[in-house]
Amino acid sequence: SLKRVFRGKMSIVKNTIVFALSETINKGIPFLLLPLFTRVLTPEDYGVYAVFLAIFNFVCVFVGLSCHAAIETAYFKLSKSKLSEYIFNGIVILLVTTIVSALLIGAILMFLGFDPIIGAIVYLIPFLCFFQFLIHIKTSLWVAEGKASYFGVFNIAQTLTVASVTIVLVLWYHAGWYGQVIGFSVGLAMFAIIAAVVLYKTGFLACSGLVINIRLL
């Protein structure tokens, strides 16, 4: 009994260290790349990219509806079979909010007459938010399961992918803020697909009828 308590506490300490270390590495990678990017990116590039991220974060509030947090809570309340249906229903809700947001943004862009390229980038933001929340769903489950190493490796790999694509586009092709946006988007899309595949392979994604439990949401 005492050994179990000790092992449990050690596991918590180990997971906490791994979570903290992975977050530190994730935050550190973009910081270490700053000297490289500041040589080729202008203040205007940084400003445009900052606006893009601000719009992205704003739209994500409406697209996500804190779905991943609800799923993390449901993990402790539902059986795995019920949870897999719950996650599927959550993803359906994400799809609906994504499509509605895209339609609203499309209407606004048409009304305001944005530049076609910038308009296309802004129009894609709801879909990037959808990718973001697919990733959040999987990482939230890893947190709930106490699988800190999976969480850390996944997040660091995503950050390295975004950094690698951005470096190629910005430093080699001088794509400016477009390179930053493309790198960010490629990282989200790629790891959202990985997250969806892992959810399915591990039995956390199943559809046996669309039954949305509003109380847990």
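For the structure itself, look to the data block above.
Predicted, not measured: the structure shown is a model, and the values here were computed from it. (Residues numbered from 1 in each chain as written. Predicted model: local features only at pLDDT ≥ 70, side-chain atom pairs only at ≥ 80, totals over all residues. Heavy atoms only, no water.)

**Q** Lay out the packing of helix α5 (residues 116-145) against helix α6 (residues 148-172) with the relevant residues and their values.
**A** Running from N to C, α5 and α6 point in directions that differ by 150°, and their axes come no closer than 9 Å. In terms of orientation, α5 and α6 fall into the roughly antiparallel class. For the pair formed by α5 and α6, the contact residues are Ile135, Thr139, Trp142 and Val143 on the first element and Tyr150, Phe151, Phe154, Asn155 and Gln158 on the second. Of the residues in the contact of α5 with α6, the class split is six nonpolar, three polar and no charged. (Axes fitted to C-alpha atoms, helices over the stretch in contact; angles between N-to-C directions. Helix = DSSP H or I, 4+ residues; strand = E, 2+ residues; numbered from the N terminus. Parallel < 35°, antiparallel > 145°, perpendicular 65-115°, else oblique. Contact = heavy atoms within 4.5 Å. Nonpolar A, V, L, I, M, F, W, Y, C, P; charged D, E, K, R; others polar.)

**Q** Requested: an account of helix α7 (residues 177-201), with residues and values cited.
**A** In this model, α7 (25 residues) spans 36 Å end to end at C-alpha, consistent with the 36 Å of a helix rising 1.5 Å per residue. Within two residues after α7, Gly203 carries a phi angle of roughly 80°, on the positive side. (Expected span 1.5 Å × (residues − 1).)

**Q** Before we move on, can you summarise the pattern of salt bridges with the specific residues and values?
**A** For side chains of opposite charge, pairing can occur when their charged atoms come near one another. One pass over the full model with this rule turns up one salt bridge. When the shortest N-O distance is used, the salt bridge between Lys147 and Glu145 registers 3.9 Å. Residue classification places Lys147 among the partly exposed positions, given a relative accessible area of 34%. On the accessibility criterion, Glu145 (24% relative accessible area) is partly exposed. (Salt bridge = Lys/Arg side-chain N within 4 Å of Asp/Glu carboxyl O. Buried < 20%, exposed > 50% of the residue type's maximum accessible area, 1.4 Å probe, protein only.)

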